[in-house]
Amino acid sequence: MSSSAFPAATACSIPRSQKRHNALLLHPTSAVTGLTVSSQVSRSLNKSWSRNMKTKRRMEVRCRGIGDFIGGDLLKFDLGQWLSDVEEHKSIAIYPPHEGGYEGRYLNRLRYQGYHFLDLSARGLGDPETTLTKIHPVCPAHVGKQPIARWYYPPEVDYRLSLLPPGSKGLVVWILEAKVLSKAELQFLALLPTLRPNVRVIAECGNWRKFVWKPLKEISGLTAEDGSGT
């Protein structure tokens, strides 16, 4: 047998399944679609890329105004309205966002106008009328070993008004957590600027998605006529 005929006989002796396996190794194809594996991989990559792009478009943050572009806490277009409402109503109920921090812009604007501040928390304040405008007793903790003592303190508002410098515009009583106060206590805070003309009252009566405010007389159930006639 010649040497040239041996390879041909060997090639003919290879089974058809083995030939198909060798062809798949050299040129990988899909038995179902007839497409190459590389094209299938590229299609799957394109699908995953398009899916990721749709997810990114869904998750992207869009600015709907110049306030969103600059920052929610950097630019406030309602500061002028805030100052005019404080001067007009003199007692304001505010509703800052839960995360806090936004009310600092409005506080600083009042400070730039020449106001000084008295920060008090409604929890543990006691009777607002007695604490703010009258001499009131305070009982320190005795821990069960000392006799019960009673100390008398001057009115908080009158004492702070006496310490204001000559160029001050007035005193702002900023009440934290005022949502725990009763309706009668809120009504007194709404009427406090009438009793002390140099006093402005800002009460945090709740929270909202953005910084909003209303006249405290409306929140407490007083009308403008009731407040002016007192």
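- Going by what an unreviewed UniProt entry lists, the protein is known as NADH dehydrogenase-like complex N and is assigned to Kalanchoe fedtschenkoi.

1. Focus on the overall build of the protein
No. 1: Counting secondary structure elements, the protein contains eleven helices and seven strands.
No. 2: For the protein, the exposed surface amounts to about 15700 Å²; the carbon and sulfur share of it is 57%.

2. Remarks on helix α5 (residues 79-89)
No. 1: Listed as buried for α5 are Leu79, Trp82, Leu83, Asp85 and Val86. Along α5, the residues classed as buried sweep out an arc of 165 degrees about the axis, all on the same side.
No. 2: Residues of α5 that are buried make contact with β1 (91-95), α6 (103-112), β6 (199-204) and β7 (212-215).

3. Overview of the sheet that holds β1
No. 1: The mixed open sheet is built from five strands, whose spatial order is β2-β5-β6-β1-β7. If you trace the sheet from one side to the other, it starts and ends with β2 (115-121) and β7, each paired once. On average, each strand axis in the sheet is tilted by 25 degrees relative to the strand beside it, whichever way the strands run.
No. 2: Pairing between β1 and β6: four bridges, direction parallel. Note on β6: the bridge partner recorded for Ser91 is Val201.
No. 3: Sheet strands touched by α5: β1, β2, β6 and β7. Its angle to β1, the strand with the most contacts, is close to 140 degrees.
No. 4: Packed on one face of the sheet, α6 meets β2, β5 (170-176), β6 and β7 and runs near 140 degrees to β2.

4. Some points on the pattern of salt bridges
No. 1: Enumeration according to the criterion identifies five salt bridges in this entry.
No. 2: Taking the shortest distance from any N to any O, the salt bridge between Lys134 and Glu129 comes out at 3.7 Å.
No. 3: Measuring nitrogen to oxygen at the nearest pair gives 2.7 Å for the salt bridge that ties Asp158 to Arg196. On the criterion of sequence distance, the pair formed by Asp158 in helix α8 (residues 156-162) and Arg196 in the loop between α9 (183-195) and β6 is long-range, its members being 38 residues apart.
No. 4: Looking at Arg196, the relative accessible area reads 21%, which means it is partly exposed.
No. 5: A network of salt bridges, in which partner residues are shared, links Glu87, Lys169 and Arg200.

5. Some details on unusual backbone geometry
No. 1: If you check the backbone angles, Lys90 has positive phi at about 70 degrees while not being a glycine.
No. 2: By the element assignment, Lys90 lies in the loop between α5 and β1.
No. 3: In the Ramachandran plot, Glu177 falls in the positive-phi region, its phi being about 55 degrees despite a non-glycine side chain.
No. 4: Among the secondary structure elements, Glu177 is positioned in the loop between β5 and α9.
No. 5: We classify Glu177 as partly exposed; its relative accessible area is 33%.

6. As for the nonpolar core
No. 1: In terms of nonpolar packing, the biggest core is built from 25 residues, with Ile175, Leu189, Cys205 and Leu216 touching the most fellow members.
No. 2: Among the secondary structure elements, those contributing two or more residues to this core are β1, β2, β5, α9 and β6.
No. 3: Counting residues per element, this core draws most heavily on α9, which supplies six residues.
No. 4: Setting aside anything within four residues of it in sequence, one finds Cys205 in contact with Ala93, Ile94, Tyr95, Ala178, Lys179, Leu186 and Leu216.
No. 5: Among the nonpolar cores identified, the runner-up in size contains 16 residues, and Leu79, Val86, Leu107 and Ile202 belong to it.

Quick notes on the rules
Residues numbered from 1 in each chain as written. Predicted model: local features only at pLDDT ≥ 70, side-chain atom pairs only at ≥ 80, totals over all residues. Heavy atoms only, no water. Helix = DSSP H or I, 4+ residues; strand = E, 2+ residues; numbered from the N terminus. Areas by Shrake-Rupley, 256 points an atom, 1.4 Å probe, with all protein chains shown as cover. Buried < 20%, exposed > 50% of the residue type's maximum accessible area, 1.4 Å probe, protein only. Arc of directions from axis to C-beta. Contact = heavy atoms within 4.5 Å. Pairing = 2+ DSSP bridges. Axes fitted to C-alpha atoms, helices over the stretch in contact; angles between N-to-C directions. Salt bridge = Lys/Arg side-chain N within 4 Å of Asp/Glu carboxyl O. Core = buried A, V, L, I, M, F, W, Y, C linked by side-chain atoms within 4.5 Å.

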